[in-house]
Amino acid sequence: MKKIIVLIVVTFTMLANAQSPEVKGLEIAKAAEQADLGFNSSVVDLKMTLKNKNGQTSERSLTTKTLELTEDGDKSLIVFNSPKDVKGTSTLTFTHKVGSDDQWLFLPSIKRVKRISSNNKSGPFVGSEFAYEDLSSQEVEKYTYKFLEEKGDLLIVEQDPVDPKSGYARRVITYNKNKGYRIEKAEFYDRKNALLKTLTYSDYKLYKNKFWRASKFHMVNHQSNKETILNFSNYNFDSGLSDNDFTQAALQRAGK
């Protein structure tokens, strides 16, 4: 009788300790968010390389500023510096933990700020394979989660967007649990649940002994056979940015 009681207790203990795939996926996303808290703000230079389906390339240079917020999602400002046909084009993004993000685009050719509709977030960002919604910060509340599998140091989690206007049915994210839960790869599935794009993160560097940043993003569109490569350089985490650097007036000034 004692053996039966012990077996029952052990069984219930194991069931109590077992995590559902949804709970485990959420915990991994929270761990990744926690590992990157505290950078405050950053400025980084980028080189964007666009490659069409025939392998022809074109390059653009830009600068990205990011302001970390804890009560809501982060703010970012992207400014194109070259070539001449896109110089001054700039994008301001206010990521929200709940609800649709706010985004604005400044076009120097018409000297006007244009609000990006939430219905257009899946559209290409200035001709690249990145969508406007890809510019938002990684906020835990924007997805529901399901842990899929573990491969050595890598944890693979499915993320389903909460926003019904997202261009994606789901994303599959690969985290490195021994490297600050940094993201190694992201797969994007379209609304028909077909693989649309794969984003690979590489050439990571550790800043301030805590913050992992990839020096290279490589986005491949499997349906159009186009690619976009982002090379990051000159990270600055001591820029002292504030909310005043992320307004529509600042957006216009940056584009001039």
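See the structure shown above.
Residues numbered from 1 in each chain as written. Predicted model: local features only at pLDDT ≥ 70, side-chain atom pairs only at ≥ 80, totals over all residues. Heavy atoms only, no water.

1. Overview of the pattern of salt bridges
So, step 1. In this structure the tally under the stated criterion is 12 salt bridges.
So, step 2. Taking the shortest distance from any N to any O, the salt bridge between E184 and R182 comes out at 2.7 Å.
So, step 3. A relative accessible area of 17% means that E184 is categorised as buried.
So, step 4. You can call R182 buried: its relative accessible area is 16%. (Salt bridge = Lys/Arg side-chain N within 4 Å of Asp/Glu carboxyl O. Buried < 20%, exposed > 50% of the residue type's maximum accessible area, 1.4 Å probe, protein only.)

2. Description of the packing of aromatic side chains
So, step 1. One pass over the full model with this rule turns up 15 aromatic pairs.
So, step 2. On the basis of an interplanar angle of 80° and a centroid distance of 6.3 Å, the ring pair of F39 and F211 is categorised as edge-to-face. In this pair, F39 sits in the loop between α2 (21–35) and β1 (41–51) while F211 sits in strand β12 (residues 211–221), placing the two residues 172 residues apart along the sequence. Considered together, F39 and F211 belong to a single accessibility category, that of buried residues.
So, step 3. Each ring, one from Y207 and one from F237, has its centre 5.4 Å from the other, and the planes form 45°; the classification is tilted. Taken together, the residues span a long stretch of sequence, with Y207 in strand β11 (residues 195–207) and F237 in the loop between β13 (226–236) and α3 (248–254) at a distance of 30 residues.
So, step 4. A relative accessible area of 21% means that Y207 is categorised as partly exposed.
So, step 5. An aromatic cluster of at least three residues, connected via ring pairs, comprises F39, Y201, Y207, F211, F217, F232, Y235 and F237.
So, step 6. It is R182 that lies over the ring of W212; its NZ or CZ is 4.6 Å from the centre.
So, step 7. Above the face of the F188 ring, K197 is positioned so that its terminal group lies 5.3 Å from the ring centre. (Phe/Tyr/Trp six-rings, centres within 6.5 Å; stacked < 30°, edge-to-face > 60°. Helix = DSSP H or I, 4+ residues; strand = E, 2+ residues; numbered from the N terminus. Lys NZ or Arg CZ within 6 Å of the ring centre and 35° of its normal.)

3. Some details on the environment of D160
So, step 1. Among the secondary structure elements, D160 is positioned in strand β8 (residues 154–161).
So, step 2. Spatially, the C-alpha atom of D160 lies 5.2 Å from that of Y143, the residues being 17 residues apart in sequence.
So, step 3. Apart from the residues lying within four places of it in its own chain, the contact partners of D160 are K142, Y143, T144, A169 and R170. (Contact = heavy atoms within 4.5 Å.)

Any functional reading would require information that these geometric values do not contain.
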